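Topology and contacts: notes
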Amino acid sequence: MPTRDGLIRVSEAITIVRGEEELFRRTAHLFATATDMACAAAGLAGWVGERRPKEVVEARPAGTRVRKIYPSGLLLDPVSARELARRRDELGAEIRVTPEEINETIILDRRVVILAGDLKAGQRGYSVITQPEIVQGVLSLFETAWRSAIDLAVYNAQVAEIRQLAPAVLDMLSQGVKDEAAARRLGLGLRTYRRRVAELMAALGAESRFQAGVRARELGLV
């Protein structure tokens, strides 16, 4: 049941809030004092951990460890790649990328979990969880994803070549252009074009060309 302040308390250990402003208002003190933050974000925009006020970031305790996982498909866009590098350098964060699907999550000091829900009426719901068993379970999932993810700098170097062709290849795929015709338009050999398509699909974590198109749209690449 909603309380007077508009929150929904599922239990004493789980609270659901609506909208990023309300979420940050309720958790700003946690972000300001956290010495260990782990974050999985599906994109660059709209995640509260990226938008907290500068004074909160500067007030963060010295020696704070910040780890972030992002979709590897973001590295196909040079602007996004530069932004991730900026966040890494300015925040002193460890950033890794993964082709796997990401459930947006923030874990603070291994004792508070914030899970992002779906958008409803223009606002996203967030679950703030302090139940130790749930927190430990989410943390274990994050650690597994972190171990299998690739360091930002390493992956950035790996996709540097395909990044140059990504917009054109995605355009060919979205138009349904046959491989032979697409290769000719791009001045590539057929085998080279197909290899680039396969590399692009791998970067997007897609198992089909259709899924690659869907992932690319979700990431704002097309």
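Residues numbered from 1 in each chain as written. Predicted model: local features only at pLDDT ≥ 70, side-chain atom pairs only at ≥ 80, totals over all residues. Heavy atoms only, no water.

1. Describing the overall build of the chain
Using the following cut-off: Under the scheme used here, helices are H or I runs from DSSP no shorter than 4 residues and strands are E runs no shorter than 2 residues, and both carry numbers assigned from the N terminus. Exposure is judged per residue with a 1.4 Å probe applied to protein chains only, and the accessible area is read against the type maximum: over 50% gives exposed, under 20% gives buried, and values in between give partly exposed. The criterion used for residue contact is that any of the two residues' heavy atoms lie within 4.5 Å.
Counting its regular elements, the chain contains 10 helices and 9 strands. For the chain, the proportion of its 222 residues judged to be buried stands at 45%. In the chain, the share of contacts with a sequence separation of at least 24, taken over all contacts with a separation of at least 6, comes to 66%.

2. Some words on the packing of aromatic side chains
Aromatic ring pairs are reported here in terms of the distance separating the ring centres and the angle at which the planes meet. Counted only if it meets this: The aromatic pairing rule takes the rings of Phe, Tyr and Trp, using the six-membered ring of Trp, and pairs them if the centres are within 6.5 Å, calling planes under 30 degrees apart stacked, those over 60 edge-to-face and the rest tilted. Think of it as a cone above the ring: NZ of Lys or CZ of Arg counts as a charge over the ring if it is within 6 Å of the ring centre and within 35 degrees of the ring normal.
Per the stated rule, a full pass over the model turns up 2 aromatic pairs. Taking the centre distance of 6.0 Å and the plane angle of 20 degrees together, the rings of phenylalanine 142 and tryptophan 146 count as stacked. Of this pair, phenylalanine 142 and tryptophan 146 both sit in helix 5 (residues 132-148), 4 residues apart, which is roughly one turn of that helix. Pair check on accessibility: phenylalanine 142 and tryptophan 146 agree, each one buried. Lying over the aromatic face of tryptophan 146, arginine 67 brings its terminal NZ or CZ to 5.3 Å of the ring centre.

3. Focus: unusual backbone geometry
For aspartate 109, which is not glycine, the phi torsion reads 55 degrees and is therefore positive. For aspartate 109, the location among the structural elements is in the loop between strand 6 (105-108) and strand 7 (112-120). Judged by its relative accessible area of 21%, aspartate 109 is partly exposed. Non-glycine residue arginine 110 carries a positive phi angle of around 60 degrees.

4. Here's the deal with the confidence of the model for the chain
Counted only if it meets this: Within a predicted model, pLDDT stands for the predictor's per-residue confidence, ranging from 0 to 100.
In this model, the chain carries a mean pLDDT of 85, and residues with pLDDT of at least 70 account for 87%. Taken together, the stretch residues 1-5 has pLDDT below 50 and engages in 7 contacts with residues farther than four places along the chain or on a different chain.

5. Focus: the nonpolar core
Selection rule: Only buried residues count toward a nonpolar core, which is a set of Ala, Val, Leu, Ile, Met, Phe, Trp, Tyr and Cys residues joined through side-chain atoms within 4.5 Å.
Of all hydrophobic cores here, the largest spans 51 residues; its most connected members are Leu75, Leu76, Leu108, Tyr193, Leu200 and Leu204. Residues Ala40, Val113, Val135 and Trp146 belong to the second largest nonpolar core, which totals 13 residues.

6. Comments concerning the packing of helix 7 (residues 160-175) against helix 9 (residues 190-204)
The cut-off we apply is this: Angles shown run from 0 to 180 degrees and are taken between the N-to-C directions of axes, each axis being a line fitted to C-alpha atoms and, for helices, limited to the stretch in contact. When an angle is under 35 degrees it counts as roughly parallel; over 145 it counts as roughly antiparallel; between 65 and 115 it counts as roughly perpendicular; any other value is oblique. Amino acid classes used here: Ala, Val, Leu, Ile, Met, Phe, Trp, Tyr, Cys and Pro are nonpolar; Asp, Glu, Lys and Arg are charged; the rest, including Gly, are polar.
For the pair helix 7 and helix 9, the least separation of the axes is 10 Å and the interaxial angle reads 95 degrees. As judged from the angle between their axes, helix 7 and helix 9 are roughly perpendicular. Only Tyr193, Arg196, Val197, Glu199, Leu200 and Leu204 of helix 9 make contact with helix 7, whose side of the interface consists of Glu161, Ile162, Leu165, Ala166, Val169, Leu170, Met172 and Leu173. Classifying every residue of the contact of helix 7 with helix 9 gives 11 nonpolar, no polar and 3 charged.

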